[in-house]
Amino acid sequence: MASLSVSSRLNKAVRQQYMSLPQGQKCQVTYIWIDGTGEGLRNKTRTLDMEPRSIDDIPEWNFDGSSTSQAEGSNSDMYLVPVHMFRDPFTLDPNKLVLCEVLKYNRLPAETNHRNSCKDVMEKIKEHSLWFGMEQEYTLLGIDGCPFSWPTNGFPAPQGPYYCGVGADHAYGRDVVECHYKACLYAGVKIYGTNAEVMPSQWEFQVGPCEGIEMGDHLWVARFLLHRVCEDFGIVATLDPKPIKGNWNGAGCHTNISTKQMREEGGLQHIEKAIERLSKKHKEHIRMYDPRGGEDNVRRLTGLHETSSIDDFSAGVANRGASIRIPREVGKDGRGYFEDRRPAANCDPYAVTKAIAQTCLLDPEEVSLKN
């Protein structure tokens, strides 16, 4: 049995005594941002005199970038610029969560702030009404790093009965999954659904449809909520693309894409055109699809365990072993969407959606896939 954190064993009834105290007209606002790893999330909370009605009511703030791998100690102040507000499912109304962009001392985007350039691209292609849906896979671990509910000195039964499974011997950690789902709904995150995945202790939730920059905002906050719910239960959610070596599935962030033209009559030809464009930029996209320029995905995209090979581009109808999957009903209806199965679970959704928008919708001569 995976180990639980000491904090999770504290008396929650005592905590609730304080959490139920009135706070007058004051409002707690928790600022959330992406740190210097491009994967980690940080947060801190401040008091506002009244409940903010829009993002414009939330002031900028700052933090010590030298403690988040984003600045030198001699020039460490970084700006937090609020960009998207959500309800707080932990401290409840009227309190808020606010996702922030990080700017350096000179007010240029921090190195891991991919939202800034993504927003510029989404503005250029807004007439296409580009929709995304992202399928976030993750694995539950104890704080000792072992998969939650796996045998201490061994392995569970082979993969097979766990995908969309039910029962204590098939579904590990459902309490976390259901609490996370409710937290997303309360917060206003566009969560679409959830299911148990192929490897035991591995789960997935989907976010979308979201248009443009909204995709990255909602997925990052959904990830924050997942980590906070896991914290309360005393376990850890990892987005490692291949958390367990051997004959076990990895974890991806399959990305579904649809433009207005793809959703209309005859949309399949526009889907095929986008796939053709993607085929010519395979290596460039692989570099954008995990935070280490493809090094993480090397462990996952092996051509096994429902993945394509990282070295080759492929596409097919209903083929989960291809780089790009066209769902069977889309092939039948001749319109809809397609799925890019290459992004890793720990990808930055801003980098992924920006790369897809650039390749599929902008003039090839003006496209340079860089972070």
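Since the structure is predicted, the reported quantities are computational estimates derived from the model, not experimental observations.

Description of the pattern of salt bridges
As enumerated under the stated definition, the model contains 22 salt bridges in all. Salt-bridge contacts for Lys 26 lead to Asp 49; the nearest nitrogen and oxygen are separated by 2.9 Å. Placement of Lys 26 in the loop between helix H1 (12–19) and strand S1 (27–34) and of Asp 49 in the loop between strand S2 (41–48) and strand S3 (61–64) is noted, with a sequence separation of 23 residues between them. Look at Lys 26 and you get partly exposed, because its relative accessible area is 40%. Put simply, Glu 39, Asp 240, Arg 292, Asp 296 and Arg 299 are held in one network by salt bridges that share partners.

Quick notes on the domain arrangement of the protein
Interfaces are often sized by the accessible area lost when the parts come together. Looking at the protein, the domain boundaries give domain 1 (7–112) and domain 2 (122–362). On a C-alpha basis, the centres of domain 1 and domain 2 stand 26 Å from each other. With 20 residues of domain 1 in contact, the opposing surface of domain 2 contributes 24 residues. Buried surface at the junction of domain 1 and domain 2, summed over both partners, amounts to about 1900 Å²; 68% is from carbon and sulfur atoms. Three residues, Glu 39, Phe 86 and Phe 90, lead the burial of domain 1 against domain 2; their summed loss comes to 32% of the area buried on that side. Summed over the shared surface of domain 1 and domain 2, the result is one salt bridge. Taking the shortest distance from any N to any O, the salt bridge between Glu 39 and Arg 292 comes out at 2.7 Å. When contributions to the side of domain 1 that touches domain 2 are tallied by element, the ones reaching two or more residues are S1, S2, strand S4 (77–87) and strand S5 (96–103). If one sorts the elements of the side of domain 1 that touches domain 2 by residue count, S4 sits on top with three residues. In terms of residue class, the side of domain 1 that touches domain 2 is made up of nine nonpolar, six polar and five charged.

Parameters at a glance
- Residues numbered from 1 in each chain as written.
- Predicted model: local features only at pLDDT ≥ 70, side-chain atom pairs only at ≥ 80, totals over all residues.
- Heavy atoms only, no water.
- Salt bridge = Lys/Arg side-chain N within 4 Å of Asp/Glu carboxyl O.
- Helix = DSSP H or I, 4+ residues; strand = E, 2+ residues; numbered from the N terminus.
- Buried < 20%, exposed > 50% of the residue type's maximum accessible area, 1.4 Å probe, protein only.
- Domains from an automatic or database assignment.
- Contact = heavy atoms within 4.5 Å.
- Buried area = accessible area lost by both parts, 1.4 Å probe.
- Nonpolar A, V, L, I, M, F, W, Y, C, P; charged D, E, K, R; others polar.

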